[in-house]
Amino acid sequence: MKSLKILISAYACRPGMGSEPGVGWNTVRSLVKHHKIWVLTREDNRPFIEAELANNPIPGLQFVYCDLPLSGLWKQGLQGVHLHYYLWQISAYFRARQLHSEVGFDVVHHITYVRYSSPSFLSFLPIPFIWGPVGGGESAPKAFWQDFSLRGRVYEIVRSLAHRIGESDPFARLTAEKSVLVRATTEDTAVRLRQMGAKNIQVFSESGLSPEEISRLSQCPIPDISTFRFISMARLLHWKGLHLGLRAFAKANLPNAEYWILGEGPERKSLESLAEQLGVTNQVKFWGRLSRDETLQKLGECHVLLHPSLHDSGGWVCLEAMAASRPVVCLDLGGPSVQVTKETGFKVTANNPDQVVHDFAEVITRLAKDSELRVGMGQAGQRLVREEFSWEAKGECLAKLYEEIVNC
């Protein structure tokens, strides 16, 4: 198969970063090994990208920068970012149309932002268009809202309303309808996309790890200590479900056990008060926000990842824990549900808070007592990450997908 000419839309794309900028950068870096890649991205990504390419050139990878006039004024606050993103898509379309007339692309693919309720105007180009992975269709089950503060409930209502408004945008619906393929990060998002008119949908995780990260994490030894440690790594937000993790840890009532919570956020005081109410203050440690190196060091000092998030589209920490051969305990919701298998951890059904606390407590008790089970799950997790969640594996899979679409 000859090398194809692929145009990538990556609003977020920066080397050396996680989350969406990392999705953009690592995807295109892996794809260029298989096809010729042009990347359409924001002007303010230029200094980071060019600095990296000056030190580590990547042949065949070309970046095209575009932005809006007075771009910095558009991005004041969260809503400003979303407005800038929407308008940038229009600007990107006209730049892409010009590029297509010069280059003659075989496929165009939008990869970031991964927001299903915002359109990509590149879908109007006269070539096959792939959208995603896109996410955001997940929401916290209503039964769990009873534990949320007023602020948390308002957040959930506004978030849901914003997505529903986005779904009704005719351009977002046209993006769904015009896509030859839509990749959804979760089944929840896939359901919303079907209702918007998307016909060909794959559920596919946005998250991945580089070979360097996988190698580094695989070298984390299992701590040989008498104290058994669970760890959660997350922003301390209501929907991260850490109150469920605390309740489950207290219910398990494990001697010589600790629960480490890494991260910062508005729920910290509430979580500290809950730990005191539950009588586990001496066993729970809040480490605050740490650097990435410090975070991975703490992960290496623990045995099991507890990730009770109620609506993650991704779930990067689950991949990191599996790469470090740590079993994962999560809810059967969102991105973690797509990543974690029965061989690599436990996915607990989320019916209501009391049921989750009960089931979590049973699972973490079992893991604390069964070292053979932990080792087996840890080894399976490492294999899964290497085979399916390395950026190289993802790039190879995507390159073959382009070939299939062009040959249809």
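Residues numbered from 1 in each chain as written. Predicted model: local features only at pLDDT ≥ 70, side-chain atom pairs only at ≥ 80, totals over all residues. Heavy atoms only, no water.

(A) Quick peek at the overall build of the protein chain. Counting its regular elements, the protein chain contains 16 helices and 13 strands. Taking 22 Å as the expected radius of gyration for a compact globule of 408 residues, we find that the protein chain reaches 22 Å, a close match to that expectation. Evaluated residue by residue, the protein chain yields a buried proportion of 57% over its 408 residues. Counted over contacts in the protein chain with a minimum sequence separation of 6, partners at least 24 positions apart contribute 71%. Accessible area of the protein chain: about 17,700 Å², with a carbon and sulfur share of 51%. Positive and negative side-chain charges in the protein chain, numbering 45 and 43 respectively, have mean positions lying 3 Å apart. (Helix = DSSP H or I, 4+ residues; strand = E, 2+ residues; numbered from the N terminus. Rg over C-alpha atoms; globule rule 2.2 N^0.38 Å. Buried < 20%, exposed > 50% of the residue type's maximum accessible area, 1.4 Å probe, protein only. Contact = heavy atoms within 4.5 Å. Areas by Shrake-Rupley, 256 points an atom, 1.4 Å probe, with all protein chains shown as cover. Lys, Arg positive; Asp, Glu negative; His and termini not counted. Charge placed at Lys NZ, Arg CZ, Asp CG, Glu CD.)

(B) Fine view of the sheet that holds strand β3 (residues 61–66). Read across the sheet, 7 strands follow the order β3-β2-β1-β4-β5-β6-β7 without closing on themselves; strand pairing throughout is parallel. Strands at the two margins of the open sheet, each flanked by one partner only, are β3 and β7 (201–203). Across the sheet, the mean angle separating the axes of adjacent strands is 20° when strand polarity is ignored. Against the sheet, helix α1 (residues 19–31) engages β1 (5–10), β2 (36–42), β3 and β4 (107–112), with an angle of about 150° to β4. (Pairing = 2+ DSSP bridges. Axes fitted to C-alpha atoms, helices over the stretch in contact; angles between N-to-C directions.)

(C) Expanded view of the environment of Trp-131. Residue position: Trp-131 is located in strand β5 (residues 129–134). Taking the C-alpha atoms as reference points, Trp-131 and Pro-119, separated by 12 residues in sequence, lie 9.5 Å from one another.

(D) Molecular detail of helix α5 (residues 150–168). Between its first and last C-alpha, α5 extends 27 Å over 19 residues, near the 27 Å set by a 1.5 Å rise per residue. The set of residues buried in α5 consists of Gly-152, Glu-156, Arg-159, His-163, Gly-166 and Glu-167. Projected down its long axis, α5 shows its buried positions confined to an angular sector of 105°, all on one face. Exposed residues on α5 whose side chains face more than 90 degrees from its buried face are Leu-150, Arg-151, Leu-161, Ile-165 and Ser-168. Packing partners of the buried residues in α5 comprise α6 (170–178) and α7 (187–196). (Expected span 1.5 Å × (residues − 1). Arc of directions from axis to C-beta.)

(E) Here's a closer look at the sheet that holds strand β12 (residues 328–331). Taken in spatial order, the 6 strands of this open sheet run β10-β9-β8-β11-β12-β13, and their pairing is parallel. Both edges of this open sheet fall to β10 (284–288) and β13 (345–348), since each of them pairs with a single strand only. Each adjacent strand pair in this sheet contributes to an overall mean axis angle of 20°, direction not counted. Bridging between strand β8 (residues 228–233) and strand β11 (residues 304–307) involves 2 bridges; their strand directions are parallel. When the sheet's bridge partners are listed, Ile-231 is paired in β11 with Leu-305. Those strands touched by helix α11 (residues 292–300) are β8, β9 (257–262) and β10, and its axis lies near 150° from that of β8. The sheet contacts of helix α12 (residues 316–323) involve β8, β11 and β12, and relative to β11 the element is tilted by about 170°.

(F) Fine view of the packing of α1 against helix α16 (residues 391–407). Remark: α1 packs on α16, axes separated minimally by 8 Å, with the N-to-C direction vectors making an angle of 65°. By the angle between their axes, α1 is roughly perpendicular relative to α16. Crossing of α1 against α16: the hand is right-handed. Residues Gly-22, Val-23, Asn-26, Thr-27, Ser-30 and Leu-31 of α1 form the contact with α16, whose participating residues are Trp-391, Glu-392, Gly-395, Leu-398, Ala-399 and Tyr-402. (Parallel < 35°, antiparallel > 145°, perpendicular 65-115°, else oblique. Left-handed = near helix turned anticlockwise from the far one by under 90°.)

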